[in-house]
Structures are given as C-alpha cells and as structure tokens.
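# Overview (structure and organization)
Letter by letter, the chains look like this.
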Amino acid sequence: MSLDREDPNFFDNNAHLYILRADYRFLENWEASLEGRFLDLPDVDEQKTGTVFTIYRYVGDHLKVGVGYNFTDFSDDLTDLGYDRQGVFLNVVGTL
C-alpha cells in the first residue's frame with residue numbers, strides 16, 4: 001500500500017476484514033441483509049467490530065435497490081483509514 005501516488009513509498013498492509021452475512025427474503029419483492037464485521041489491524045494492535053443492515057426492494061428480475069445503515073466507523077475499503085464511514089447508504093445491485 002502507498003499513501004502517495006506522486007512519490008510512492010510502499011509498505012505492507014496486514015489488515016484483515018471478516019464479514020458474516022445473512023440475507024432474508026420476505027413478502028414477494030423485499031429482502032433484508034444483516035452483516036457482522038470484524039476488522040483486524042495487527043500492525044497497530046487494534047480490532048474493530050460492528051454491523052451493517054440493509055433492506056432491498058426488487059425492481060424486476062435483475063435489479064434490486066437498497067438503503068442501509070453502517071453501524072461501524074470503518075469501510076470495507078482497507079486502504080481507507082479515516083474511520084468516519086458510519087451512516088446511511090444507498091446500494092444498487094444488478095445481474096445479467
């Protein structure tokens with residue numbers, strides 16, 4: 001990983017993100033998702049945990065639109081070290 005694109009000084013990133021997810025489909029076109037997340041940062045001897053909840057509505061056979069809330073303060077992008085990701089999000093999932 002590097003913090004700068006102009007003068008990259010690369011270093012190891014030993015962070016690991018573990019996610020356990022459960023989906024539940026209800027009614028005809030609705031789905032709920034609950035994720036438990038565990039972020040392990042061995043380089044700084046720190047661990048973070050939290051949950052993410054999303055509710056989806058199917059729109060046709062190949063698209064679902066969801067709104068959710070991230071109860072954690074970290075992102076699934078392991079290069080993002082801001083720890084300010086808690087809040088509402090919109091998710092769109094499509095298939096071919």
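Described in the following lines is the structure provided in the data block. Counting starts from 1 at the beginning of each chain's written sequence and moves along it residue by residue. Note on the predicted model: pLDDT of at least 70 is required for a residue's local features to be given, and 80 or more for side-chain atom pairs to be given and counted; whole-chain, interface and lining totals, by contrast, use all residues. Computation of side-chain values covers all heavy atoms of the structure but excludes hydrogens and water.

### A few points about the overall build of the protein chain
Think of it this way: any DSSP run of H or I at least four residues long counts as a helix, any run of E at least two long counts as a strand, and we number them from the N terminus. Secondary structure summary: the protein chain contains 0 helices and 5 strands in total. Here's how the labels work: a residue is buried when its accessible area is under 20% of the maximum for its type, exposed when over 50%, partly exposed in between, all with a 1.4 Å probe on protein chains only. For the protein chain, the proportion of its 96 residues judged to be buried stands at 25%. We call two residues contacting when some pair of their heavy atoms lies within 4.5 Å. Considering only intrachain contacts with a sequence separation of at least 6, the fraction spanning at least 24 residues in the protein chain is 35%. All accessible areas in this document rest on Shrake-Rupley with a 1.4 Å probe, and a residue is counted as covered only by the protein chains that are shown. As displayed, the protein chain offers around 7,000 Å² of accessible surface, 53% of which is attributable to carbon and sulfur atoms.

### Some remarks on the pattern of salt bridges
Counted as salt bridges are all cases of a side-chain nitrogen of Lys or Arg within 4 Å of a carboxyl oxygen of Asp or Glu. Taken as a whole and assessed by the stated rule, the structure comprises 6 salt bridges. The salt bridge partner of D23 is R21, with a shortest N-O separation of 2.9 Å. By relative accessible area, D23 is classed as partly exposed at 46%. Of the residues examined, R21 reaches a relative accessible area of 41% and is grouped as partly exposed. Residue K48 is joined to D73 by a salt bridge in which the shortest nitrogen-to-oxygen separation is 3.5 Å.

### What about the packing of aromatic side chains?
Classification of ring pairs uses Phe, Tyr and Trp, with its six-membered ring standing for Trp, and accepts pairs whose centres are within 6.5 Å; under 30 degrees between planes counts as stacked, over 60 as edge-to-face, and the remaining range as tilted. As enumerated under the stated definition, the model contains 3 aromatic pairs in all. Taking the centre distance of 4.7 Å and the plane angle of 55 degrees together, the rings of Y69 and F71 count as tilted. Its relative accessible area of 30% is what places Y69 among the partly exposed residues. The partly exposed category is assigned to F71, whose relative accessible area is 47%. Each ring is checked for a lysine NZ or an arginine CZ that lies within 6 Å of its centre and within 35 degrees of its normal; such an atom marks a charge sitting over the ring. The residue whose ring lies beneath R25 is Y58, and the NZ or CZ to ring-centre distance is 4.0 Å.

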